[in-house]
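Residue-level listing of the chains:
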Amino acid sequence: MPLLVLLIFSFGAPILALLSRAIYEPTIANTLSRTAVALGKDDANVPGEETFQALAADLKDAAGAGSINEFAKSLNTRLPGARSQILRLGRSTASGQPMDKASMIKAAPLLGQDRSWTAIKGGLNGFTSFYLLSAFDLRWTDQGSIGMVPPDQAVFLRVIGRTFLIATLVTLGTLVLGFPLGYWMTNLRPALAGIVLVLVLLPFWTSILVRTAAWTVILQKFGLLNDLLLWLGLASERLELMYSRTGLVLAMIHIQLPFTLLPIYSVMRSVQTSQLRAAQSLGARPFTVFRRVYLPQVMPGVLAGCLLTFILCLGYYITPVLVGGASDQLVSNFIANYVNVELNWEMAAALSFVLLASTLGLYIGMTRYLGLDIFKMG
């Protein structure tokens with residue numbers, strides 16, 4: 001029970017607090033209390049004088065309380081370009097000069113457009129689907145239906161697809177390297193197999209940041225890998241491997257190889273070689289022995305290793321930052337940017353929710369389809 005309580009308060013509660021911001025953002029509702037009441041009586045697309053006066057009073061109070069910057073930032077998320085206009089209008093209302101509808105629209109031209117008031121009305125309810133829809137490049141249209149955002153604003157579906165593509169490439173790469181390596185290790189003498197296993201585990205003894213930094217040296221245009229390719233005659237000129245998808249996948253395969261190899265090797269060690277010899281003695285060809293006797297027994301380790309690697313790759317951050325190019329940033333990089341640079345915690349929470357839901361969905365789907373016994377390492 002003490003351990004459970006510790007996990008809830010130190011791990012579960014912070015995650016839930018962050019994810020809740022994807023669906024609950026009360027800044028606009030808290031700031032525009034008078035405006036919300038006025039809009040309840042005004043059905044026009046661009047409301048009348050009374051609503052504008054309520055908005056001016058709300059902005060004046062927000063400027064006096066020092067919360068207008070937070071309000072402008074929140075509205076700007078829904079209505080790009082609104083921040084500067086709202087701040088300018090807030091300064092005008094705070095100065096005490098009389099403001100009517102025409103002068104307010106002159107100070108903030110966006111207030112004269114239907115879409116601006118649609119965005120404001122959408123934010124008057126603290127609970128919102130805006131950020132989760134934005135994570136899939138969707139939005140509520142003026143007609144009350146869900147539609148795609150303009151093509152120049154559609155970003156996140158490409159990022160999510162890129163994340164899954166790179167995770168798939170890395171998983172396949174580690175499988176291609178890890179399966180034969182694991183098979184070779186099971187046929188070595190125990191002492192030699194132990195030495196090879198130590199060499200495989202060496203990356204665990206250094207920080208992922210150090211390993212990634214080492215790849216930045218190897219992948220340079222005048223780095224070790226280009227020198228080796230030229231020396232072997234595999235390339236006629238130096239390749240641009242740094243800040244490219246090829247370099248990113250190579251670096252991630254190196255880091256993730258042990259996570260795929262160890263489950264496979266663990267299961268391969270439990271396979272009785274006498275079964276393979278018995279199958280051969282009964283007339284089965286080598287490929288048939290591998291396909292019908294050996295592969296079904298090692299498949300749980302293969303699936304477990306691939307699933308572990310794939311899930312870890314979905315959340316990679318440091319390696320894409322240091323090795324990948326501008327077009328190779330993953331979902332985690334966007335989450336970090338929203339948290340550390342743009343201070344848009346709501347969008348970060350929405351992307352985190354998508355990433356967490358994808359991971360859990362993949363895990364649950366795999367276990368339901370293949371059975372929980374795929375994680376028994378023998």
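Please read all numbers here as calculations on a predicted model, not as lab measurements. (Residues numbered from 1 in each chain as written. Predicted model: local features only at pLDDT ≥ 70, side-chain atom pairs only at ≥ 80, totals over all residues. Heavy atoms only, no water.)

Visitor: Can you walk me through the overall build of the chain in this structure?
Guide: What the chain contains, in helices and strands, is 19 helices and two strands. Scaling as 2.2 N^0.38, a compact globule of 378 residues should have a C-alpha radius of gyration of about 21 Å, whereas the chain reaches 28 Å, well beyond that. Once the C-alpha set of the chain is aligned to its principal axes, its extents read approximately 95 × 55 × 40 Å. Expressed as a percentage of its 378 residues, the buried residues of the chain come to 41%. A total accessible area of about 20,400 Å² is found for the chain, and carbon and sulfur atoms account for 65% of it. Side chains of the chain give 28 positive and 20 negative charges; the mean places of these two sets differ by 14 Å. (Helix = DSSP H or I, 4+ residues; strand = E, 2+ residues; numbered from the N terminus. Rg over C-alpha atoms; globule rule 2.2 N^0.38 Å. Buried < 20%, exposed > 50% of the residue type's maximum accessible area, 1.4 Å probe, protein only. Areas by Shrake-Rupley, 256 points an atom, 1.4 Å probe, with all protein chains shown as cover. Lys, Arg positive; Asp, Glu negative; His and termini not counted. Charge placed at Lys NZ, Arg CZ, Asp CG, Glu CD.)

Visitor: What is the right way to read the packing of helix 4 (residues 49–65) against helix 6 (residues 82–94) from this model?
Guide: Two measures define how a pair of helices packs: the angle their axes make with one another and the distance between the axes. Taken N-terminus to C-terminus, the directions of helix 4 and helix 6 make an angle of 90°; their axes are 8 Å apart at the nearest point. Classified by the angle their axes make, helix 4 and helix 6 are roughly perpendicular. Only I86, L89, G90, T93 and A94 of helix 6 make contact with helix 4, whose side of the interface consists of A56, L59, K60 and A63. The residue inventory of the contact of helix 4 with helix 6, partitioned by class, reads six nonpolar, two polar and one charged. (Axes fitted to C-alpha atoms, helices over the stretch in contact; angles between N-to-C directions. Parallel < 35°, antiparallel > 145°, perpendicular 65-115°, else oblique. Contact = heavy atoms within 4.5 Å. Nonpolar A, V, L, I, M, F, W, Y, C, P; charged D, E, K, R; others polar.)

Visitor: Honestly, the confidence of the model for the chain in this entry has me stumped. Any pointers?
Guide: Low-pLDDT stretches of the model should not have their predicted coordinates read in fine detail. Per-residue confidence for the chain gives a mean pLDDT of 86, with 97% of residues at or over 70. Averaged over each element, pLDDT in the chain is lowest for helix 15 (residues 273–281) (82) and highest for helix 10 (residues 156–186) (93). (pLDDT = per-residue confidence, 0-100.)

Visitor: Looking at this structure, I do not really get unusual backbone geometry. What am I missing?
Guide: Among all residues except glycine, the phi angle is most often negative; among peptide bonds, the trans geometry is most common. With a phi angle near 55°, Y243 is a residue other than glycine that sits in the positive phi range. Taking relative accessible area as the criterion, Y243 reaches 55% and is therefore assigned exposed. In this structure, L343 is a non-glycine residue whose phi angle is positive, near 55°. With respect to the helices, strands and loops of the structure, L343 is situated in the loop between helix 18 (331–340) and helix 19 (345–370).

Visitor: Looking at this model, I keep getting lost on helix 5 (residues 68–78). Mind explaining?
Guide: In an α-helix, one full turn covers 3.6 residues, which means residues spaced three or four apart are oriented alike. Residues of helix 5 that are buried: I68, F71, A72, S74, L75 and R78. The buried residues of helix 5 occupy one face: seen down the axis, they fall within an arc of 165°. Of the surrounding secondary structure, the elements contacted by the buried residues of helix 5 are helix 2 (27–31), helix 4, helix 6, helix 8 (114–123) and helix 9 (130–134). (Arc of directions from axis to C-beta.)

Visitor: For this particular structure, what's the right way to read the UniProt feature "domain: ABC transmembrane type-1" (unreviewed entry) in the chain?
Guide: According to UniProt, the positions carrying the feature "domain: ABC transmembrane type-1" (unreviewed entry) are residues 160–366. End C-alpha atoms of residues 160–366 are separated by 20 Å, and the span's content is 77% helix alongside 0% strand. (UniProt positions renumbered as here; feature names shortened; annotations may be inferred.)

Visitor: Quick question: what am I supposed to make of the nonpolar core here?
Guide: Burial of nonpolar side chains together is a common tendency in soluble globular proteins. Counting residues in hydrophobic clusters, the biggest one holds 30 residues, and the most contacted among them are V170, M252, V331, M347 and L351. Every element with two or more residues in this core is listed here: helix 9, helix 10, helix 14 (245–270), helix 16 (286–314), helix 18 and helix 19. Looking at which element gives the most residues to this core, the answer is helix 19, with seven residues. Once residues lying within four places of it in the same chain are set aside, the contact partners of L351 are A135, F156, V331, F334, I335 and Y338. Counting 26 residues, the second-largest nonpolar core is a separate cluster that includes F52, L75, L87 and M99. (Core = buried A, V, L, I, M, F, W, Y, C linked by side-chain atoms within 4.5 Å.)

Visitor: Sorry, what's going on with the pattern of salt bridges here?
Guide: One side chain can pair with another of opposite charge once the charged atoms of both are near each other. Applying the stated criterion across every chain yields a total of seven salt bridges. Among the ionic pairs, K73 bridges to E70, the shortest N-O distance being 3.7 Å. Here E70 and K73 lie together in helix 5, a separation of three residues that amounts to about one turn. K73 gets classed as partly exposed once you look at its relative accessible area, which sits at 23%. The class for E70 is partly exposed, based on a relative accessible area of 38%. Beyond isolated ion pairs, a larger network of salt bridges with shared partners links R34, D58 and D61. (Salt bridge = Lys/Arg side-chain N within 4 Å of Asp/Glu carboxyl O.)

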